[in-house]
Amino acid sequence: MPWTSLKHALLFNAVCSTLLGAALLLAPGRLASLMGAFSPQILMILGGALLVFAADVAFVATRKPISSGPAKMVTLADLAWVLATPVVMLLGASWLSFWGHVLLLDVALLVAFCALCQWRGLQRQGSQPEQGTAHD
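Here we summarise the structure given alongside this text. Every value quoted in this text rests on a predicted model; they were computed, and no experiment measured them.

1. Overview of the overall build of the protein chain
Reasoning step 1: Each helix and strand in the protein chain was counted, giving 5 helices and 0 strands.
Reasoning step 2: Oriented by its inertia axes, the alpha-carbon framework of the protein chain measures out at about 50 × 25 × 20 Å.
Reasoning step 3: A burial count over the protein chain gives 30% of its 136 residues as buried.
Reasoning step 4: Taking as baseline every contact in the protein chain between residues at least 6 positions apart, the subset at least 24 positions apart corresponds to 72%.
Reasoning step 5: Of the roughly 7,900 Å² that the protein chain leaves accessible, carbon and sulfur atoms contribute 74%.
Reasoning step 6: Taken together, the 7 basic and 5 acidic charged side chains of the protein chain have centroids lying 4 Å from each other.

Right, dumping it as structure tokens:
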């Protein structure tokens, strides 16, 4: 379960980001038409960026011990995504369909869950003595 440790939370984030990035790269036209009236290239760029992000998160998650600095940066990036979602929804309201709004909200909730699990993992890691393999 992603909420059991920082490592699991980060790996869960990496898997979710990989799956979303792959979907955006493999079906940009279909997803763009479902989400509203905008270019599929936007989704392709976002998909590629998510795959890079996923690789970075997986790298952070597989260090022994997990460094809290990079893990905090991942968590802050997730928080920024969540906070940017309503702004994107408001500014892009005329381009987004009902399903576009639903999908953006769903992704924001998933990202918020990842951020919460990572924050809990960071809190747990910070309260333990340095051992290198705490809560793997």
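Right, picking up where we left off after that structure.
2. Notes on the packing of helix α1 (residues 6–26) against helix α4 (residues 68–91)
Axes are the key here: two packed helices are described by the angle between their axes and the distance separating the axes.
Reasoning step 1: At their nearest, the axes of α1 and α4 sit 12 Å apart, and the two run at 45 degrees to each other. Judged on the interaxial angle alone, α4 and α1 are oblique. The interaxial crossing formed by α1 with α4 has left-handed handedness. Residues L6, L10 and N13 of α1 touch α4, and the partners they reach there are A71, V74 and D78.
Reasoning step 2: Across the contact of α1 with α4, the residue classes break down as 4 nonpolar, 1 polar and 1 charged.

3. Thoughts on the packing of aromatic side chains
Reasoning step 1: Evaluated as defined, the whole model comprises 2 aromatic pairs.
Reasoning step 2: Both rings, one in F12 and one in F113, keep their centres 6.0 Å apart while their planes meet at 85 degrees; by these two values the pair is edge-to-face. One end of the pair, F12, is in helix α1; the other, F113, is in helix α5 (residues 98–126), and 101 residues separate them in sequence.
Reasoning step 3: Residue class for F12 comes out partly exposed when judged on its relative accessible area of 27%.
Reasoning step 4: For F113, a relative accessible area of 30% corresponds to the partly exposed category.
Reasoning step 5: Taking 5.0 Å as the distance between ring centres and 75 degrees as the angle between the ring planes, the aromatic pair formed by F98 and W99 counts as edge-to-face.
Reasoning step 6: The exposure class assigned to W99 is partly exposed, which follows from its relative accessible area of 49%.
Reasoning step 7: Across the ring face of F59, the terminal group of R63 is positioned such that the distance to the ring centre comes to 3.9 Å.

Cut-offs used in this document
Residues numbered from 1 in each chain as written. Predicted model: local features only at pLDDT ≥ 70, side-chain atom pairs only at ≥ 80, totals over all residues. Heavy atoms only, no water. Helix = DSSP H or I, 4+ residues; strand = E, 2+ residues; numbered from the N terminus. Buried < 20%, exposed > 50% of the residue type's maximum accessible area, 1.4 Å probe, protein only. Contact = heavy atoms within 4.5 Å. Areas by Shrake-Rupley, 256 points an atom, 1.4 Å probe, with all protein chains shown as cover. Lys, Arg positive; Asp, Glu negative; His and termini not counted. Charge placed at Lys NZ, Arg CZ, Asp CG, Glu CD. Axes fitted to C-alpha atoms, helices over the stretch in contact; angles between N-to-C directions. Parallel < 35°, antiparallel > 145°, perpendicular 65-115°, else oblique. Left-handed = near helix turned anticlockwise from the far one by under 90°. Nonpolar A, V, L, I, M, F, W, Y, C, P; charged D, E, K, R; others polar. Phe/Tyr/Trp six-rings, centres within 6.5 Å; stacked < 30°, edge-to-face > 60°. Lys NZ or Arg CZ within 6 Å of the ring centre and 35° of its normal.

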